[in-house]
Amino acid sequence: MQAPVDRTVVSTDGTAIAVTDVGSGPAVVVVGGAFGHRGTPFVEEVVQGLAAGRRVITYDRRGRGDSGDTAPWSIEREVDDLRAVVASADGPVTVASVCVGAGVVLHALASGLPADAAVLWEPPYRASVDPHADDVVFADTLDEHVAAGRRATAVRAFLGQVLGLPMGQVSAYRLRPALWRSFLADADVLARDVRMLNGLAIPERTLAAVGVPVVVGCGTESAAWLGLAARATAEAIPGSELVVVPGEDHSPRADTLDRLLTRVRELQP
């Protein structure tokens, strides 16, 4: 396997986006979750597994890691970032997302992202939330916590309300100082993810505009609401396919994602 190559792409508004390439073969751009960007343990494990037979491209979303940030933030600017990363691959690209990364991918696909196909792993929508709502109240609350210096409160609220983690598990994270510090470093961008996820409601109009093959994956060991969200997402995307993976949870193994990437390419006309 080739050594990783770090590089930079420039988004439409001039923001520098940090990118890493590794491996060779069919290109896949991986969009991680709220706390998953280049070099974080979960993303690195996925990259190492996929890069055995693919060119894997990861990037730090704006305001995260080594990427820049230009005010004001907007969904459209995040879409432009992903578009710039995909365009830099110079060839056919499949996009794979985990958790909240699905929000970025879906908005991008709906606006014509030049990707051939996509894999979405457990988008954390709430299937029971009004799909016509535009609820940003929780996002505003997260912003208020950060502005007041309550970064830990913002992180705890996000982990509990968006990711559905029990408070016991959230408290356990605080006993791992390096991990908790990495969570706190991203506290100021968590509200963006809530907005990207349409206030956690299934964004039916956005999903209906997706025009490429999509596989939505979920695991039998994940919380039941994630399975419901995956099913609702798949039902809202024209021609998409739901794949339920026995024994898998919210942090999928690289070989699971590899199988789903292979499957979505089989759906291409």
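Below is a short write-up of the structure. None of these values were measured; they are calculated from a predicted model.

Describing the sheet that holds strand β3 (residues 27-31)
Spatial strand order, β1-β2-β4-β3-β5-β6-β7-β8: eight strands in an open sheet with mixed pairing. Among the strands making up the open sheet, the edge pair consists of β1 (5-10) and β8 (241-245). Sheet twist, expressed as the mean angle between neighbouring strand axes with direction ignored, is 25 degrees. Note: β1 against strand β2 (residues 16-22), six bridges, orientation antiparallel. Residue pairing in the sheet places T8 in a bridge with A18 of β2. Together, β2, β3, β4 (55-59) and β5 (93-98) form the strand contacts of helix α1 (residues 41-50), whose direction differs from that of β4 by roughly 160 degrees. Against the sheet, helix α2 (residues 75-87) makes contact with β1, β2, β3, β4 and β5, and its axis sits at roughly 155 degrees relative to β3, the strand it touches most.

Some points on unusual backbone geometry
The amide bond that connects A71 to the next residue, P72, takes the cis arrangement and shows omega of -5 degrees. By the secondary structure assignment, P72 is in the loop between β4 and α2. Not every positive phi belongs to a glycine, and N198 is a case in point at roughly 60 degrees. Tracing the backbone through its elements, the reader meets N198 in the loop between α8 (190-196) and α9 (204-208). In this structure N198 comes out as buried when scored by relative accessible area, which is 16%.

A closer look at the packing of α1 against helix α11 (residues 254-266)
Viewed as axis vectors pointing N to C, α1 and α11 meet at an angle of 55 degrees, and their least axial separation amounts to 8 Å. Regarding the angle of α1 to α11, the classification is oblique. Every pair of crossing elements has a handedness; the one defined by α1 and α11 is right-handed. Here α1 contributes E45, V46, G49 and L50 to the contact with α11, which in turn contributes A254, L257, D258 and L261. Its residues assigned to classes, the contact of α1 with α11 shows five nonpolar, one polar and two charged.

Remarks on the pairing of strand β7 (residues 214-219)
With six of six residues buried, β7 lies mostly within the body of the structure. Alternating positions in β7 separate into two faces, V214, V216 and C218 on one and V215, G217 and G219 on the other, with burial throughout. Of the pairings in the sheet, the one linking strand β6 (residues 117-121) to β7 comprises four bridges and is parallel in character. Note that in β7 the partner of V119 across the bridge is V215. Alignment of β7 against β8, held across five bridges, turns out to be parallel.

Some thoughts on the nonpolar core
With 89 residues, the main nonpolar core has L82, F158 and L159 as its most contacted residues. Not counting residues within four places of it along the chain, the set of residues in contact with L82 comprises V29, V31, Y59, V104, V105, A108 and L113.

So, helix α3 (residues 101-110)
For α3, the tally of buried residues reaches nine of ten residues, placing the bulk of the element in the interior. If you check which residues of α3 are buried, you get G101, A102, G103, V104, V105, L106, H107, A108 and L109. G112, located one to two residues past α3, shows a positive phi value of around 95 degrees.

Considering the packing of aromatic side chains
For the structure shown, the criterion picks out four aromatic pairs. When the centroid spacing of 5.5 Å and the interplanar angle of 90 degrees are considered together, the rings of Y173 and F183 count as edge-to-face. One end of the pair, Y173, is in helix α6 (residues 167-173); the other, F183, is in helix α7 (residues 177-185), and ten residues separate them in sequence. Each member of the pair, Y173 as well as F183, carries the same accessibility label: buried. A cation over an aromatic ring shows up here: R126 above the ring of W225, its NZ or CZ 3.7 Å from the ring centre.

Notes on the side chain of T20
Along the chain, T20 falls in strand β2. At 2.9 Å, the side chain of T20 forms a polar contact with the side chain of R38. Once residues within four sequence positions are removed from consideration, T20 is found in contact with P4, V5, D6, R38, V56, I57 and T58.

Calculation criteria
Residues numbered from 1 in each chain as written. Predicted model: local features only at pLDDT ≥ 70, side-chain atom pairs only at ≥ 80, totals over all residues. Heavy atoms only, no water. Pairing = 2+ DSSP bridges. Helix = DSSP H or I, 4+ residues; strand = E, 2+ residues; numbered from the N terminus. Axes fitted to C-alpha atoms, helices over the stretch in contact; angles between N-to-C directions. Contact = heavy atoms within 4.5 Å. Buried < 20%, exposed > 50% of the residue type's maximum accessible area, 1.4 Å probe, protein only. Parallel < 35°, antiparallel > 145°, perpendicular 65-115°, else oblique. Left-handed = near helix turned anticlockwise from the far one by under 90°. Nonpolar A, V, L, I, M, F, W, Y, C, P; charged D, E, K, R; others polar. Core = buried A, V, L, I, M, F, W, Y, C linked by side-chain atoms within 4.5 Å. Phe/Tyr/Trp six-rings, centres within 6.5 Å; stacked < 30°, edge-to-face > 60°. Lys NZ or Arg CZ within 6 Å of the ring centre and 35° of its normal. Polar contact = N/O pair within 3.5 Å; in protein donor to acceptor, adjacent residues only side chain to side chain.

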